[in-house]
Amino acid sequence: MDFRQLRYFVAVYEEGHVGRAAERLSLSQPALSQQIRLLEHSLDVSLFERSSKRLLPTLAAHTLYNHAVPLLEGMQRAREALRNFKGQSQRTLAIGVLQTVHSSLVPQMLERVRKAQPHLVVQIYELSGMEIERRLLNGSLDIGISYLPPRQPGLHGLLLYEDELKLVVPANHPLREFKKVSMSQAGELPMLLLGEEFQVRQIWQAQLSNLGRRPHVQAELNNMAGILDSLAHTRLATVLPGRAQDIQDNDDLLWKPISEPRVPLQVGLVYRDAQRQQATLELLRSVLDGVVNSGPGDVEGR
């Protein structure tokens, strides 16, 4: 077992899919699969249960992951310390982002941060809300962009923008003529939803639970763009943040406000140490304020 194999293992564990992990690592799938098999052989344990859709981590994998992440972070800090010693310091900023936040936020943020801080290396990780908070607490992320308020003690939030959950249906759906849909009506619909690890799904389930209901789940996808691509070919509905409509270029989908009650969302910066991170928070708040208040695809300097 070496650090390279640990890095490969962590990518597969976090992605839950060899193809996505291989793309993240710029490796071929066969090469990555071989390295995971070699790691399993060297440790004499099975790390993943393989199914047709995804890899499910075993108990051994959970244990290894909890040890591997601090080791890899320590190696990264050692490399940075050596670069500092040689006068080659390069500052990095690790940001965890929900895939359901404002669709133009990440690409525009990268461009604006590059202009404001040309020597800053920004590392973006698309993660669930729970994973963002876990990594903030263990120090492997600097900042999160997630829904507020944070759920873990010791974390703080700074509001960027407000949104709300909307019902999304195909153009031929029975509710196509409705201008808005009540929570109780939406709760009766068969749905295609994000998986339970996604905060949007958790928020929706909590709202329905207040009415004594559970979502009527017919299918799940772990990718918001995949849901939007698939929905028009079904008679199902979904719930997504209203600003996600910015990424949709599909006349076959209709976005309906939810009422009685509406489901507000607050999106913001999540962080651990306000005093230590004050300069970073001010930079990102300034940059993201321009992104949130600009039109989709509008990048400063064009």
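Whatever comes next refers back to the structure up there.
Trainee: Just checking my understanding: could you explain the packing of aromatic side chains for this structure?
Mentor: To describe a pair of aromatic rings, one takes the distance between the centres and the angle between the planes. All told, the structure shown has three aromatic pairs when counted by the stated rule. On the numbers, 5.8 Å between centres and 45° between planes, the contact of F9 with F48 is tilted. Here F48 lies in strand 1 (residues 48–50) and F9 lies in helix 1 (residues 3–15), a separation of 39 residues in the sequence. For F9, a relative accessible area of 0% puts it in the buried group. Between Y13 and Y65 the ring centres are 4.0 Å apart and the planes differ by 10°, which places this aromatic pair in the stacked class. Taken as a pair, Y13 in helix 1 and Y65 in helix 4 (residues 59–85) lie far apart in primary sequence, 52 residues in all. Y65 sits in the buried class, given a relative accessible area of 3%. Here a set of aromatic residues connected by ring pairs shows up, and it is made of F9, Y13, F48 and Y65. Above the ring of Y125, the side-chain terminus of R135 is found at 5.8 Å from the ring centroid.

Trainee: Whenever I open this one, the packing of helix 5 (residues 105–116) against helix 10 (residues 278–292) confuses me. Can you help?
Mentor: Between two packed helices, the angle of one axis relative to the other and the distance separating the axes together describe the packing. The contact between helix 5 and helix 10 brings their axes to 9 Å, and the two run at 130°. Considering their axes alone, helix 5 and helix 10 lie oblique with respect to each other. Here helix 5 and helix 10 pass one another in a crossing that is right-handed. Contacts from L105, Q108, M109, R112, V113 and A116 of helix 5 reach helix 10 at L283, L284, V287, L288, G290 and V291. Residue classes in the contact of helix 5 with helix 10 are distributed as nine nonpolar, two polar and one charged.

Trainee: Looking at this model, I keep getting lost on the side chain of T238. Mind explaining?
Mentor: Mapped onto the secondary structure, T238 falls in strand 10 (residues 238–241). Given the relative accessible area of 0%, T238 is considered buried. Within the local environment of T238, its side chain forms a polar contact with the backbone oxygen of L192, the two atoms lying 2.6 Å apart. The residues touching T238, leaving out its near neighbours within four places in the chain, are K166, L167, V168, M191, L192, L193, I227 and L231.

Trainee: Please clarify how the nonpolar core should be interpreted in this entry.
Mentor: Buried together is how nonpolar side chains tend to be arranged in soluble globular proteins. Membership of the largest hydrophobic core comes to 63 residues, with the highest contact counts inside it found for I145, L167, W204 and L284. At seven residues, the largest contribution of residues to this core is made by helix 10. Core analysis: the second largest hydrophobic core is formed by 23 residues, Y13, F48, L55 and L64 among them.

Trainee: Would you mind going over the packing of helix 2 (residues 18–25) against helix 3 (residues 29–43) with me for this structure?
Mentor: Between helix 2 and helix 3, the shortest axis-to-axis distance is 9 Å and the interhelical angle comes to 105°. It follows from the interaxial angle that helix 2 and helix 3 lie roughly perpendicular. In contact with V18, G19, A21, A22 and L25 of helix 2, helix 3 contributes Q29, L32 and S33. Along the lines of polarity and charge, the residues of the contact of helix 2 with helix 3 split into five nonpolar, three polar and no charged.

The rules behind each value
- Sequence order as written defines residue numbering, which begins from 1 separately in each chain.
- Per-residue local features of the predicted model are confined to residues with pLDDT of at least 70, and side-chain atom pairs are confined, for both listing and counting, to 80 or more; whole-chain, interface and lining totals are unaffected and use all residues.
- Note: side-chain values were computed over all heavy atoms of the structure, leaving out hydrogens and water.
- Here the aromatic set is Phe, Tyr and Trp, taking the six-membered ring for Trp, and pairing holds for ring centres within 6.5 Å; pairs whose planes are under 30 degrees apart are stacked, those over 60 apart are edge-to-face, and all others are tilted.
- In this description a helix means any DSSP run of H or I spanning at least four residues, a strand means any run of E spanning at least two, and both kinds are numbered starting from the N terminus.
- Only protein chains enter the accessibility calculation, which uses a 1.4 Å probe. A residue is then buried if its area is under 20% of the maximum for its type, exposed if over 50%, and partly exposed in between.
- Over a ring means this: the NZ of a Lys or the CZ of an Arg is within 6 Å of the ring centre and within 35 degrees of the ring normal.
- Under this scheme, a helix contributes an axis fitted over its contacting stretch, all axes are lines through C-alpha atoms, and angles between N-to-C directions fall in the 0 to 180 degree range.
- When describing relative orientation, an angle under 35 degrees is termed roughly parallel and one over 145 degrees roughly antiparallel, while 65 to 115 degrees is termed roughly perpendicular and anything else oblique.
- By definition, any crossing whose near helix is turned counterclockwise from its far helix by less than a right angle is left-handed, and any crossing with a clockwise turn is right-handed.
- For this analysis, residues touch if any pair of their heavy atoms sits within 4.5 Å.
- Throughout this entry, Asp, Glu, Lys and Arg are counted as charged residues, while Ala, Val, Leu, Ile, Met, Phe, Trp, Tyr, Cys and Pro are counted as nonpolar. The remaining residues, Gly among them, count as polar.
- In the analysis that follows, any N or O atom pair within 3.5 Å is treated as a polar contact, provided that within protein one partner can donate a hydrogen and the other can accept it, and provided that, for residues neighboring in sequence, both atoms belong to side chains.
- Throughout, nonpolar core names a set of buried Ala, Val, Leu, Ile, Met, Phe, Trp, Tyr and Cys residues whose side chains join them through atoms within 4.5 Å.

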